[in-house]
Structure formats: C-alpha cells, structure tokens
Amino acid sequence: MDINDTIIIKFLNGECNTAELRAVQEWIDADATHADALFRLESVHRCVGASAITGREVSQHLREVHRRIDAADRVVRRRISLHIVLRRAAVIVGIILLGALVYWLADTDGPLRGPKMMLAKATGNHPRLVRLADGSSVWLKAGSQLRYPVSFQRNERRVELKGEGYFEVTKNRHRPFVVAGGPVDVKVLGTKFDFATDHDRQMASVSLIEGSVEVRDVKRDAMLLLKPNQRVTVNTRTGYQKVENMDTRIVAAWHDHLIPFTNANISEIARTIEQLYGVQVHVSTDVDNTQTYSGAVYLANNIDSVLSLIRSTVPISYHRKGNTVWIYKENGQRD
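Structure report, in brief. On a predicted model such as this, the values are computed, not experimentally measured, just so you know. (Residues numbered from 1 in each chain as written. Predicted model: local features only at pLDDT ≥ 70, side-chain atom pairs only at ≥ 80, totals over all residues. Heavy atoms only, no water.)

**What about the sheet that holds strand β18 (residues 316-321)?**
Thinking step 1. Spatially, the three strands line up as an open sheet ordered β16-β19-β18, and their pairing is mixed. Strands with a single pairing partner mark the edges of an open sheet, and in this sheet they are β16 (280-283) and β18. The sheet shows a mean angle of 20 degrees between the axes of neighbouring strands, taken without regard to direction.
Thinking step 2. In this structure, β18 lies alongside strand β19 (residues 324-329), joined through six bridges in antiparallel fashion. Within the sheet, the bridge partner assigned to R320 lies in β19 and is V325.
Thinking step 3. Packing of helix α8 (residues 303-313) onto the sheet brings it into contact with β18 and β19, and relative to β18 it is tilted by some 165 degrees. (Pairing = 2+ DSSP bridges. Helix = DSSP H or I, 4+ residues; strand = E, 2+ residues; numbered from the N terminus. Axes fitted to C-alpha atoms, helices over the stretch in contact; angles between N-to-C directions. Contact = heavy atoms within 4.5 Å.)

Next comes the structure, spelled out in structure tokens:
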C-alpha cells in the first residue's frame, strides 16, 4: 500500500485501520528519514490540535506542494524517482507550512488564542464609559466589569459582562453583538438596552430601550425576543422568566444621572420615584393628573433633592417621613 497524503492525515488524527497502520510502519522501517519526518509532523500537529486545523486544510497545503514540485521536476528532469521526491518533499514542506501555521495560530490575534482581550472595571461610585472597536458604547455601573476584544472577529461582536451595564450598540446586521452574562446571553444587531447580572441572587435582567434583543438562557437554551419598553427578569437557577412593560429608560437612568419624563403626569412621576428610590409615594386627590410633563431631572443621591427639583417645575408640594412621601397640590393640604 502506497503512503499518500490521505493516509498520513488519517494517521495524525488516529483514524487509520489495521492495514493502513501496517503500511505506515513498513514505510517508517524502510527509511530512517521517514520516521524523522513523521515524528516532526506529528509534533506540529499535536501543538496545533485537531480542533484548530482539519484534514482538509492539511491536504490542501500538501496538494499545493505537489503541484509546485511537479512543475519544478519537469524543468530539472532529475533521474531520482519522482514518487520518492514527491513523498519526501511533501512531508518536509508540509512541516514548514504547518510550522508557519502554528506560529500564526499562536500569535496574539490568531484563532488559537483569539484577539487580544481587555478588562474594564468601574471602581468608585461613578459609572465608567467604555468605547468598543465597532463604535459601540458601554456604561459600566459601579462594581461591574466588562471583558472585550481590542478588535472584533468577522462573524460576531462578543463581550463578557459581570454586574450591570448600559449598552448603545452600533448597528451591523452582518455581525451580531453578543453580551455573555454567565447563565444568560443577550444577542442584538444594534440597539440600546440595560443588562444586569447578579450571581449571588441567581438573577439576571434585561431592559430594552430601543431596537430588539434576543435573550437566551444558556443552560436551557431557551430564547425570548424583547420589544422596546419591556424588561425580562430571569431566575438563573429555576429558569423562570418574568416579562413586564415599563418605561425602561428609568432602569438605565444611572448611566447618565438623568431621570427622563415624556408626557408623564404626576402619578407616573410618583411611580418613577418609587422605582428609583425604593420609597412609597402617595398622590393626593387634589392633584391634577390630566396635566403632563416632559423633560429630565438630575438623578441625585438624596431623594429630597430630586423632589425639590421636580417641585421647581411642576406645581406640587410634598412631605416626606422616612420612606413614605406625600405629594399634593401646590399650596394645598395633604389628604
């Protein structure tokens, strides 16, 4: 049995049958250079790994070597057996090609290691802005971190999030943007959304502001498509998902320290304050809820500062005791 490229590749991948293994052994015994060349080729193949290079790729390289040597042989017209020249040259040049391939794959931006990765952390009490290679922007909440590549691969844009981040993703329908959050992934083409993971509580939430996102439970391979102004909360232990409609801009207010209002009446403003500050707000019956307001208020750490800002533009008065707030008509009385 002649030793050809197919048998060599099968031998390197451990796929030879008994007859082929016997033929390889006889080929090695026939010439010491065969054993040496095969040993070096096997070492290179083991470094690269079967998952990094396929038999088809090796075969393509060796076929190109055959073509070049065959052309050279027709010019030189050597008397040495063409079969031996092709066999030995293919193995030797194949080693050179694979050696160069190992160097490229092991390089910083080669597929064996992948692109160079960066790690951004938000320390202190303020969000941190991270701008990605594709023009997308990510605001990291305090205590959160983002792992991302210096440059993205061709097929997708993938980052890893721990904690909470607000994303404004540059649209590219040919290269989906994926945020890996441990048990939950978010896949988008171009959109604005907030993604929070809490490994201790085994919870994750995604709040969509614009566009559309696909939320995937990695463990159960369950997917959900969100619409704007929807938030999904996922229990990563049980897989339970809860979807609710809301003004999702409120969830992401932390990233720019602004509380947005669009055609909101007093009761809607009160609900926003409840969500952001964890208090109970009671609106008096004398308040005019037919009047609406649009704008933004600075997200202060102190709820009294926010209420004072609102009162400066909206005709209300308020009274707070602990975690309870009463809102009533300006210069009016509490119920």
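**Observations regarding the packing of aromatic side chains**
Thinking step 1. A full pass over the atoms with the stated rule returns four aromatic pairs.
Thinking step 2. Pairing F167 with F177 gives two aromatic rings, centres 6.2 Å apart and planes at 65 degrees, and the pair type is edge-to-face. Pair noted here: F167 is in strand β6 (residues 164-168) and F177 is in strand β7 (residues 177-181), with a separation of 10 residues, a long-range link.
Thinking step 3. Chaining the aromatic ring pairs together yields one cluster made of F152, F167, F177 and F193. (Phe/Tyr/Trp six-rings, centres within 6.5 Å; stacked < 30°, edge-to-face > 60°.)

**Topic: helix α7 (residues 266-277)**
Thinking step 1. Here α7 is 12 residues long and its end C-alpha atoms lie 16 Å apart, about the 16 Å a rise of 1.5 Å per residue gives.
Thinking step 2. By the burial criterion, the buried members of α7 are I266, I269, A270, T272, I273 and Y277. Along the long axis of α7, the arc covered by the buried residues comes to 160 degrees, so they all point the same way.
Thinking step 3. The opening residue of α7 is N265, an N-cap whose side-chain oxygen sits 3.2 Å from the backbone nitrogen of S267.
Thinking step 4. Among the residues trailing α7, G278 stands out with phi positive, at a value near 65 degrees. (Expected span 1.5 Å × (residues − 1). Buried < 20%, exposed > 50% of the residue type's maximum accessible area, 1.4 Å probe, protein only. Arc of directions from axis to C-beta. Polar contact = N/O pair within 3.5 Å; in protein donor to acceptor, adjacent residues only side chain to side chain.)

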